[in-house]
Amino acid sequence: MRLVILGPPGAGKGTQANEIVERYNIPHISTGDILRENIKKGTDLGLEAKKYMDQGNLVPDTLVLDLIQERISRADTKDGFLLDGFPRNVSQATSLDAELDKLGIKLDKVINIIVDPKKLIARATSRRVCPTCGETYNIVAKPPKVEGKCDKDGSDLIIRSDDTEETVSRRIEVYTEQTSPLIDYYKAQGTLFDVDGSQSIEQVTEDIFKGLNK
Ligand code: ADP
Ligand code: ADP
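Predicted model only: the values in this text are computed from it and were never measured. Every chain is numbered independently, its residues counted from 1 as its sequence is written. To read the labels, note that chains go from A and ligands from 1, taken in the order they are written. This being a predicted model, a pLDDT of at least 70 is required before a residue's local features are given, and a value of 80 or more before pairs of side-chain atoms are given or counted; all residues contribute to the totals for chains, interfaces and linings. Working from all heavy atoms in the structure, the side-chain values ignore hydrogens and water.

J.: Any chance you could explain the site of ligand 1 here in plain terms?
T.: Any residue with at least one heavy atom within 4 Å of a molecule or strand is counted as near it. For ligand 1, the set of nearby residues contains 18 residues, the closest of which are K13, T15, R127, Y137 and Q199. G14 places a polar main-chain atom, nitrogen or oxygen, 2.9 Å from an oxygen atom of ligand 1. At a separation of 2.6 Å, an oxygen atom of ligand 1 approaches a polar side-chain atom of R127. All accessibility values rest on the Shrake-Rupley procedure with a 1.4 Å probe; residue burial counts only the protein chains present in the view. Out of a free accessible area of 560 Å², ligand 1 has 92% covered by protein chains. Whenever a nitrogen or oxygen atom comes within 3.5 Å of another N or O atom, the pair is scored as a polar contact, on the condition that within protein one atom can donate a hydrogen and the other can accept it, and that pairs from neighbouring residues in sequence are kept only if both atoms are in side chains.

J.: Can you walk me through the layout of surface pockets in this structure?
T.: Looking at the second largest pocket, its volume works out to about 260 Å³. In the cavity and pocket records, a cavity denotes points on a 1 Å grid over the protein atoms alone where a 1.4 Å probe fits but cannot get out, a pocket denotes an open set with protein on both sides within 12 Å along at least 5 of 7 lines, and lining residues are residues with an atom within 4 Å of a point. Every residue along the wall of the second largest pocket is listed here: T15, N18, E19, V21, E22, E135, K142, K152, I201, E202 and T205. Elements are defined by DSSP. Helices are runs of H or I of four residues or more, strands are runs of E of two residues or more, and each kind is numbered from the N terminus. Mapped onto the lining of the second largest pocket, the elements with two or more residues apiece are α1 (13–24) and α9 (201–213). Among the elements that take part in the lining of the second largest pocket, α1 stands out by supplying five residues, more than any other. Of the residues assigned to the lining of the second largest pocket, the class counts are two nonpolar, three polar and six charged. Grid points are joined across faces, edges and corners, and a volume is the space filled by probe spheres set on the points. By the convention adopted, Pro, Cys, Tyr, Trp, Phe, Met, Ile, Leu, Val and Ala count as nonpolar, Lys, Arg, Asp and Glu as charged, and the other residues, Gly among them, as polar.

J.: What is the right way to read the sheet that holds strand β1 (residues 2–6) from this model?
T.: Strands pair in a sheet through their backbones, by hydrogen bonds, and they do so in one of two ways: parallel or antiparallel. Any two strands are treated as partners once DSSP identifies two or more bridges connecting them. Strand order in the open sheet formed by five strands is β2-β3-β1-β4-β7, with parallel pairing between adjacent strands. Either end of the sheet is taken by a strand with one partner, and the two such strands are β2 (28–30) and β7 (192–196). Ignoring which end each strand starts from, the neighbouring axes of this sheet average 20° apart. Where β1 meets strand β4 (residues 109–114), four bridges bridge the pair, whose relative direction is parallel. Across the sheet, the residue bridging to V4 is V110, located in β4. Comment: axis = line fitted to C-alpha atoms, over the contacting stretch for helices; angle = value between 0 and 180 degrees taken between N-to-C directions.

J.: What is the right way to look at the packing of helix α6 (residues 117–125) against helix α7 (residues 165–179) in this model?
T.: Packed helix pairs are characterised by how far apart their axes lie and by the angle those axes make with each other. Look at α6 against α7: their axes get within 10 Å of each other, and the N-to-C directions meet at 135°. Relative to α7, the element α6 lies oblique. Of the two possible hands of crossing, α6 and α7 adopt the one that is right-handed. Contacts from P117, L120, I121, A124 and T125 of α6 reach α7 at E165, V168, S169 and I172. A breakdown of the residues in the contact of α6 with α7 according to their chemical character gives six nonpolar, two polar and one charged. Here the word oblique covers every angle except those under 35 degrees (roughly parallel), over 145 (roughly antiparallel) and from 65 to 115 (roughly perpendicular). Crossings are sorted by hand: turned counterclockwise from the far helix by less than a right angle, the near helix makes the crossing left-handed, and turned clockwise it makes it right-handed. Any pair of residues with heavy atoms lying within 4.5 Å of one another is described as a contacting pair.

J.: So what exactly am I meant to see when it comes to the site of ligand 2 here?
T.: The immediate surroundings of ligand 2 are formed by 20 residues, with K13, T31, R36, N57 and R171 found nearest. In the model, an oxygen atom of ligand 2 is placed 2.6 Å from a nitrogen or oxygen of the N57 main chain. Within the side chain of Q92, an N or O atom sits 2.9 Å from a nitrogen atom of ligand 2. For ligand 2, the protein covers 97% of the area, taking 560 Å² as the surface of the free molecule. The dominant element in the shell around ligand 2, judged by the number of residues it contributes, is helix α2 (residues 31–41), at four residues.

J.: Help me out: how do you make sense of the pattern of salt bridges in this one?
T.: Two side chains bearing opposite charge may form a pair once their charged atoms approach each other closely. We define a salt bridge as a side-chain nitrogen of Lys or Arg found within 4 Å of a carboxyl oxygen belonging to Asp or Glu. For the structure on display, the rule yields 17 salt bridges. Salt-bridge contacts for K149 lead to D156; the nearest nitrogen and oxygen are separated by 2.6 Å. Overall, the relative accessible area of 48% leaves D156 in the partly exposed class. Relative accessibility under 20% of the residue-type maximum defines a buried residue, over 50% an exposed one, and the middle range a partly exposed one, all with a 1.4 Å probe and only protein chains included.

J.: Just to check I follow, could you spell out α2 for this structure?
T.: Working note: α-helix, 3.6 residues per turn, so residues spaced by three or four point in the same direction. What α2 keeps buried is the set T31, G32, L35 and N38. Buried residues in α2, looked at end-on, bunch into an arc of 125°, giving them a common side. Exposed side of α2, more than 90 degrees from the buried face: K40 and K41 are the residues found there. Where α2 is buried, its residues meet β2, α3 (44–53), α4 (61–72) and β3 (81–84). Relevant arc is that of directions from the helix axis to the C-beta atoms, nothing else.

This is the structure:
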């Protein structure tokens, strides 16, 4: 299974990605997570990327293309992978196709999560994440067992620095302008299917598995 999960910020990509990678036993490749990891470690890439991420803008293609190229050629991707947050514009998608071509492989399916934009800001601003293990919670829809603490390792949950109302609004604009054209791009390739992401987390997961099994 070589998969891409698409959807606006706060649509539930990361949440659903965790279920998919567990079911199919493939690596979850999230460019957002890799970039945040670099920021945490203070690498040159992290320092450069942070400037763009804090504004809600995309980081330059060259930065993400290099890291994706390296990541998808690692041995653990031989049975597949799930890309989350990449590609983010048509130029990244054509670069990905070229890279996969070189490796003699193709994407099997693209999952497109659709959520009413009005719901997205509320979802993203009520998101909480574990700085240690990366688990995602939501104070409304998916609260941790103990308020403010990660279920898995007890760490204090944090709010992502780009989950302010202002930055989320900008990220939604960027999604509409630069990422949403990928829906037609992958429809033309015949790989894309839509999922109604406004349902409960469990129902969305069920619909994704139905779509993947078709
Ligand atoms: P993305 O990776 O697309 O930005 P996340 O998976 O991090 O989105 O989800 C954004 C926030 O919304 C998180 O707090 C998550 O717990 C919550 N969430 C995810 N799916 C749903 C859903 N179906 N209904 C309500 N809240 C959801
Ligand atoms: P979300 O889907 O909730 O917006 P991500 O974690 O996927 O969050 O992305 C967070 C930020 O990381 C983006 O706003 C952008 O600045 C940067 N980013 C992640 N992936 C890419 C990418 N493929 N190309 C450019 N920027 C990216």
